[in-house]
Amino acid sequence: MNGASRIVAVLGPTNTGKTHYAIERMLGHRTGVIGLPLRLLAREVYDKIVAIRGPSVVALVTGEERIVPPRTQYWVCTVEAMPEGMGADYVAIDEIQLCADPERGHVFTDRLLRMRGTHETLFLGADTMRGPIAALVPQAQFARRERMSQLVYTGSKKISRMPLRSAIVGFSVENVYAIAELLRRQKGGAAVVMGALSPRTRNAQVELYQNGEVDYLVATDAIGMGLNLDVNHVAFSSLSKFDGRRMRPLAPNELAQIAGRAGRGMSDGTFGVTGEASPLDEGVAQAIMDSRFTPMKKLNWRNAALRFGSVDALIDSLEASPDNEHLVKARPADDLNALKSLAQVPEVAARASDGPSIRLLWDVCRIPDFRGISHAEHASLLESIFGHLHERGTIPEDFLARQIRRIDRTDGDIDALSKRLAYIRTWTYVAQRNGWVRDESHWRAETRAVEDRVSDALHERLTQRFVDRRTSVLLRRLKQKEALLAEVNDKGEVIVEGEFVGRLEGFRFIPDKSAQGTEAKALKSASLQALAPQFHLRADRFYNAPDTEIDFTDQGGLMWGEYAVGKLVAGAEPLKPMVEVFVDEAAGPEVEQKVQRRLQHFIDRKIAALFEPLLNLSRDEELTGLAKGFAFRMVEALGILPRAGVAQEVKDLDQDARGALRKHGIRFGQFTIFMPLLLKPAPTRLRLVLWALANGLQEFPEAPPPGLVTVPVAKGAPEGYDTMCGYRNAGERSIRIDMLERLADMLRAEDSRGGFEAKADMLSITGMTLEQFADLMQGLGYKAERGERTKIKPAQPTEQPPAATAEAPAETAEAEAQSDVVVAAEAPAEATDSTEAEAEATAADPASDEPEVEVFYTFTWGRQANRGPRGEQRQGRGKPGGKPRDGRGKPQGKKGGKPQGAKTFSSRPPKKEKAIDPDNPFAAALMGLKDGN
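Residues numbered from 1 in each chain as written. Predicted model: local features only at pLDDT ≥ 70, side-chain atom pairs only at ≥ 80, totals over all residues. Heavy atoms only, no water.

1. With respect to the overall build of the chain
Part 1 of the argument: Helices and strands together make up the secondary structure of the chain, namely 32 helices and 34 strands.
Part 2 of the argument: Out of the 933 residues in the chain, the part that is buried amounts to 50%.
Part 3 of the argument: Considering only residue pairs separated by 6 or more positions, the chain has 69% of its internal contacts joining residues 24 or more positions apart.
Part 4 of the argument: When the accessible surface of the chain is summed, it comes to about 44,000 Å², and 50% of that surface belongs to carbon and sulfur atoms. (Helix = DSSP H or I, 4+ residues; strand = E, 2+ residues; numbered from the N terminus. Buried < 20%, exposed > 50% of the residue type's maximum accessible area, 1.4 Å probe, protein only. Contact = heavy atoms within 4.5 Å. Areas by Shrake-Rupley, 256 points an atom, 1.4 Å probe, with all protein chains shown as cover.)

Here it is as structure tokens:
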């Protein structure tokens, strides 16, 4: 066409062939651009033109998709993605009535005012736009097109009576899914179409409907935007929608836009309501049938003449008001809100200091919020993208790869896949921006491939959930009282009439989650036919299963392989828990009793094996008096007692009583009375479960990782948790009680009054740095004074074994003989012997004249420094104001006197050494120590 440029507004209701006319007009020009309201519709139009002219001359440009061949003549785009300044012969904008849309209207208005073809411009839309177009584009000509078929209102119908080839419209994802679920149960299935779906998923769902696999379609108002479907009837499940700010009723012209999808070509269509939607007012229904609606008065507008001198200037230009009575300032869109948020971030404000940076910031803010999570989270993502682009010029490939890798999964349900599809749309959009990534073709292909995989998975899940051919089979067979063929395979899958209906997990039947209502009853009835004998077979196999196939969890659950078959509940005593089984009522009482007996046998044997020393202690009839009472306390405490809590009982025990208790492996430590064999990982794990049950805890705390000497203090843990774990809280960390006793043995030899420094052995057994050790010592009741001094080269030290008190050697031997827990070196070797390492480094560098400074701590006993987890004071350490105490809390004598250490004083008057009992399980270890002396 070589004539003068002309502008034509082709207006009319739906099913008038406007879009088809626009495509024909474009192909009559050498070049052309057509803007469409939806990505789905753009893809549909692109496929039509490609079928006519071939892919080499047709481009598709949307926010997330960009196909641009080298010899492009025709551009098919979403309205937001229409290229400007191309000078194309032809320009068309579809659904021009969206100029009044509160969210996107300003974009359509901008195209109405500024986008022109050099030869021809077409505006396609509803007749309500005649007035605004005439006022804003005086040179425009008008052409009205009439509907090719009739549209008739049929009132309200139940979904169960919905005619074939119907589309039911909902205005939220939840509403769409609920209707589709109902149709699956009552009609055998439905296809789902929503604007948030990718074109690939949408086309696959439409194909289910178009080829007759399902006779019903459930959709959002997205079908009102030009999507051509074989629909005879449109039913509204609601007459109001959420517009991003509030729930509002749909205007008659909006209802007409959707209802007009019914009847294509010369075929008449009908529309009505269903569900909770009230019948349409007679006047509204007639207006829809006659296509008579209130003309539009105002169009949404946003200033296109943007100023990039500063961020504030850009915001001001975006918030400018129109100077035309037919235009109204659009409400702040997502991109403007994002710009305002990022402008408040100091780092972003500092970067956006010149025109190019501000333009870049605005381009980043225009990334759509596909995810729809929260404004703050979207702004945070934009801030990260802007930082990368401003600093490096492109988004780092490793950063982009990580984001895509997290999304590239096809597992999960419909909601999970829908979220991933929304997430990948963000990175697809980013990859489409020119210059934002280094290898554009690679990342465009990568994001497209991920979108395709997620789209296919989503289509599969939608089909699985909302298209179920088994429903009609099961309902028909049950109504006819026919026997159903049902079986259970070796994987526990229950198959009815060749269809999977659920699975048997342990002794509970888990029905297929997609089965509800009438279908669920049919599935349950069919499943029980197969499960009745299966329950008994499983119970027999379980009763004869070895203990190795059964286990308990940290939360008290009882597992048979991967299936939960019961749980522990508190019994009369901590070491005698009871069992509650998970068995379906349909299995019968015989199966339930058999499972209960087997689980009780398992847990009783497990306790007997792991707590054998403690159970032997409880059964020792030779214990009498105080020893028997103390044994009861040990059993009640599951083998671990803080000494501070039983100090008086320990004091009252004579040596014979202590000896009788030691025969059972009890160690009387300075801080804790415990049985070293019960500190192993397996007893510790079970002890925590039994302790949590006995104390009625709702959530059971887990045991710390095995093999560690110290662990961080568990914040918020129940009182006594550290003791049950075999640890004692001291400062910020907890130390294992057997290692704490070894440390206490070392501390006995130190001058706690005059002060002492940590030895390498002390740091080694705790696996701590000097600073961590200082915090530990303060948690144990010591003062730790930090100091610095000039480092001098020490003489080669001669390692001396720590002195022992009268009671220490035997009990240290007991701990070392019984504890098989590996001491984990949490601190590097240089941290445990930093003085020697630094001295050697200094000696190796004779040229260094500057003295080196080292940090040291001086430790003295001080009760006021005790920072234990509950402020507990160690028993028997003197009164405030009393004499100074040594590392064991013993008096050190008068001021100025000779320091009195462990070699000078013992904890009790000397007495005749008692012969070692040959029946003592530690006799060999004790005899070795004695011989070594």
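Next comes the rest of the account.
2. Digging into the nonpolar core
Part 1 of the argument: Grouped together as the largest cluster of nonpolar side chains are 65 residues, with contacts concentrated most on Phe 630 and Leu 661.
Part 2 of the argument: The residues contacting Leu 661, other than those within four sequence positions of it, are Leu 617, Leu 623, Ala 627, Phe 630, Ala 631, Leu 653, Ile 666 and Phe 668.
Part 3 of the argument: Core analysis: the second largest hydrophobic core is formed by 63 residues, Ile 168, Met 194, Ile 404 and Leu 417 among them. (Core = buried A, V, L, I, M, F, W, Y, C linked by side-chain atoms within 4.5 Å.)

3. Points about the environment of Cys 725
Part 1 of the argument: Within the secondary structure, Cys 725 is located in the loop between helix H25 (721-724) and strand S31 (727-730).
Part 2 of the argument: What makes Cys 725 buried here is its relative accessible area of 7%.
Part 3 of the argument: Between the C-alpha atoms of Cys 725 and Pro 681, which are 44 residues apart in sequence, the distance is 9.1 Å.
Part 4 of the argument: Every residue in contact with Cys 725, bar those within four places of it in the chain, is listed here: Thr 684, Arg 687, Leu 688 and Pro 704.

4. As for the packing of helix H14 (residues 397-407) against helix H15 (residues 414-432)
Part 1 of the argument: At a minimum axis distance of 9 Å, the contact between H14 and H15 shows a crossing angle of 160°. With respect to H15, the axis of H14 lies roughly antiparallel. Note that H14 runs across H15; the crossing there is left-handed. Two secondary-structure elements touch here, H14 through Phe 399, Leu 400, Gln 403, Ile 404 and Ile 407 and H15 through Arg 420, Tyr 423, Ile 424 and Trp 427.
Part 2 of the argument: A per-class count over the contact of H14 with H15 returns seven nonpolar, one polar and one charged. (Axes fitted to C-alpha atoms, helices over the stretch in contact; angles between N-to-C directions. Parallel < 35°, antiparallel > 145°, perpendicular 65-115°, else oblique. Left-handed = near helix turned anticlockwise from the far one by under 90°. Nonpolar A, V, L, I, M, F, W, Y, C, P; charged D, E, K, R; others polar.)

5. What to know about the sheet that holds strand S24 (residues 557-560)
Part 1 of the argument: Strand order in the open sheet formed by four strands is S23-S24-S25-S26, with antiparallel pairing between adjacent strands. Because the sheet does not close on itself, it has two edges, and the strands there are strand S23 (550-552) and strand S26 (578-581). Sheet twist, expressed as the mean angle between neighbouring strand axes with direction ignored, is 30°.
Part 2 of the argument: Seen against the sheet, helix H19 (residues 589-610) touches S23, S24, strand S25 (563-569) and S26 and runs at an angle of roughly 145° to S26. (Pairing = 2+ DSSP bridges.)

6. Some details on the packing of aromatic side chains
Part 1 of the argument: This model, assessed by the stated rule, comprises 13 aromatic pairs.
Part 2 of the argument: Seen from their ring centres, Tyr 177 and Phe 466 are 5.5 Å apart, and the 35° between their planes marks the pair as tilted. Of this pair, Tyr 177 sits in helix H5 (residues 173-187) while Phe 466 sits in helix H16 (residues 440-466), placing them 289 residues apart in sequence. Of the two residues, Tyr 177 and Phe 466, both sit in the buried class.
Part 3 of the argument: In this structure an aromatic cluster arises from ring pairing among Phe 756, Phe 773, Tyr 782, Tyr 857, Phe 859 and Trp 861.
Part 4 of the argument: Across from the ring centre of Tyr 423, 5.7 Å away, lies the NZ or CZ of Arg 371, which sits over that ring. (Phe/Tyr/Trp six-rings, centres within 6.5 Å; stacked < 30°, edge-to-face > 60°. Lys NZ or Arg CZ within 6 Å of the ring centre and 35° of its normal.)

7. Points about the side chain of His 388
Part 1 of the argument: Along the chain, His 388 turns up in helix H13 (residues 375-392).
Part 2 of the argument: When residues no more than four places from it in sequence are discounted, the contact partners of His 388 are Gly 393, Thr 394, Ile 395, Pro 396 and Phe 399.

8. Let's talk about the packing of helix H9 (residues 311-318) against helix H10 (residues 334-343)
Part 1 of the argument: Between H9 and H10, whose axes approach to 11 Å, the crossing angle comes to 155°. Between H9 and H10, the interaxial angle falls into the category roughly antiparallel. As H9 packs across H10, the resulting crossing turns out to be left-handed. Together, Val 311, Leu 314, Ile 315 and Leu 318 of H9 and Leu 336, Leu 339, Lys 340 and Ala 343 of H10 make up the contact between the two elements.

9. Let's talk about unusual backbone geometry
Part 1 of the argument: Phi is positive for Arg 165, which is not a glycine, with a value near 60°.
Part 2 of the argument: Here Arg 165 shows up in the loop between strand S9 (151-156) and strand S10 (166-169).
Part 3 of the argument: Non-glycine residue Leu 638 carries a positive phi angle of around 60°.
Part 4 of the argument: Considering the arrangement of structural elements, one finds Leu 638 in the loop between helix H21 (625-636) and strand S27 (640-642).
Part 5 of the argument: The exposure class of Leu 638 is buried, given its relative accessible area of 2%.

10. Here we look at the sheet that holds strand S28 (residues 667-668)
Part 1 of the argument: With antiparallel pairing, three strands are arranged side by side in an open sheet as S27-S29-S28. Each end of this open sheet is capped by a strand with a single partner; those strands are S27 and S28.
Part 2 of the argument: Seen against the sheet, helix H26 (residues 737-747) touches S27, S28 and strand S29 (672-674) and runs at an angle of roughly 125° to S29.

11. Focus: the pairing of S25
Residues in a regular strand project their side chains so that they alternate between the two faces of the sheet.
Part 1 of the argument: With four bridges joining them, S24 and S25 adopt antiparallel strand pairing. Residue pairing across strands places Leu 558 opposite Gly 566, the latter belonging to S25.
Part 2 of the argument: Count of turn residues in the S24/S25 antiparallel hairpin: two residues, of which Gly 561 carries a positive phi of about 65°.
Part 3 of the argument: Bridging between S25 and S26 involves four bridges; their strand directions are antiparallel. Residue Val 569 lies in a different strand from S26, and its bridge partner there is Met 578.

12. Here we look at the pattern of salt bridges
Part 1 of the argument: Inspection of the entire model under this criterion finds 58 salt bridges.
Part 2 of the argument: The partner of Glu 120 in a salt bridge is Arg 6, and the shortest N-O contact between them spans 2.9 Å. Of this pair, Glu 120 sits in strand S7 (residues 120-125) while Arg 6 sits in strand S1 (residues 6-11); the two residues are 114 residues apart in sequence, bridging distant segments of the chain.
Part 3 of the argument: Residue classification places Glu 120 among the buried positions, given a relative accessible area of 0%.
Part 4 of the argument: Of the charged contacts in the structure, one is a salt bridge between Glu 391 and Arg 351, with a shortest N-O distance of 3.5 Å. (Salt bridge = Lys/Arg side-chain N within 4 Å of Asp/Glu carboxyl O.)

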